[in-house]
Amino acid sequence: VQLVESGGGLVQAGGSLRLSCAASGRAASSYSMGWFRQAPGNEREFVAAISWSGSSTYYADSVKGRFTISRDNAKNTVYLQMNSLKPEDTAVYYCAAPRDPGYTTTTPREYEYWGQGTLVTSPA
């Protein structure tokens with residue numbers, strides 16, 4: 001599975017951005033997917049995850065109510081809508097697919113396929 005993120009950029013605090021993750025490869029639409037982020041000097045942290053069907057979603061407490069993960073399996077694309085951005089949301093955002101396609105998890109070590117990342121900057 002190959003993953004390519006897009007949509008990052010500079011947005012003032014309080015603004016919105018939508019990230020996209022285009023997946024390609026064997027049965028890409030059958031994979032659960034996750035979004036993670038890594039700020040300078042910090043470990044990579046879980047942001048959101050979605051089951052292959054889109055029926056189940058999970059969020060980190062820090063983004064719950066502000067971010068929404070969704071997917072369009074016809075386009076093999078997963079989205080992360082980010083609203084009410086805060087300076088602490090500034091990070092490189094990565095999409096990822098797990099080693100077990102059907103496993104929707106918040107744990108980074110369970111993910112085998114990663115995109116190259118897209119930078120989101122939200123200054124105060």
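For the structure, see preceding data.
Just so you know, these numbers come straight off a predicted model, no measurement behind them. (Residues numbered from 1 in each chain as written. Predicted model: local features only at pLDDT ≥ 70, side-chain atom pairs only at ≥ 80, totals over all residues. Heavy atoms only, no water.)

Q: Would you explain the overall build of the chain in this entry?
A: Counting its regular elements, the chain contains 0 helices and 11 strands. The order of α-helices and β-strands along the chain, N terminus first, is β-β-β-β-β-β-β-β-β-β-β. For 124 residues, the compact-globule estimate of 2.2 N^0.38 gives 14 Å, and the C-alpha radius of gyration of the chain, at 13 Å, lies within 12% of that figure. Taken along its principal axes, the extent of the C-alpha atoms in the chain is 40 × 30 × 25 Å. Burial status across the chain gives 43% buried among its 124 residues. Long-range pairs, those at least 24 residues apart, make up 57% of the contacts in the chain between residues at least 6 apart in sequence. (Helix = DSSP H or I, 4+ residues; strand = E, 2+ residues; numbered from the N terminus. Rg over C-alpha atoms; globule rule 2.2 N^0.38 Å. Buried < 20%, exposed > 50% of the residue type's maximum accessible area, 1.4 Å probe, protein only. Contact = heavy atoms within 4.5 Å.)

Q: Help me understand empty space enclosed by the protein in this model?
A: Any space left empty among the atoms is revealed by the rolling of a water-sized probe across them. One pass over the full model with this rule turns up 1 cavity of 30 Å³ or more. Considered as a void within the structure, the largest cavity measures approximately 30 Å³ in volume. Looking at the largest cavity, the residues that line it are Ala 23, Ala 28, Ser 29, Met 33, Arg 71, Asp 72, Asn 73, Asn 76, Thr 77 and Val 78. Secondary-structure elements contributing two or more residues to the lining of the largest cavity are strand E7 (67-72) and strand E8 (77-82). Each residue belonging to the lining of the largest cavity can be placed in one class, and the counts come to 4 nonpolar, 4 polar and 2 charged. (1 Å grid on protein atoms, 1.4 Å probe; cavity = no way out; pocket = protein on both sides within 12 Å on 5 of 7 lines; lining within 4 Å. Points joined across faces, edges and corners; volume = space filled by probe spheres on them. Nonpolar A, V, L, I, M, F, W, Y, C, P; charged D, E, K, R; others polar.)

Q: Is there a simple way to think about the state of the cysteines in this case?
A: Joining two cysteines, a disulfide is a covalent bond between their sulfur atoms. The final tally for this structure, using the stated rule, is 1 disulfide. Between the sulfur of Cys 21 and that of Cys 95 lies a disulfide, 2.0 Å long from S to S. Between Cys 21 and Cys 95 the disulfide shows an S-S torsion of about 60°. By sign, it is right-handed. With Cys 21 in strand E3 (residues 17-24) and Cys 95 in strand E9 (residues 91-98), the pair connects residues that are 74 residues apart, well separated along the chain. By relative accessible area, which is 1% here, Cys 21 ends up buried. (Disulfide = S-S within 2.5 Å.)

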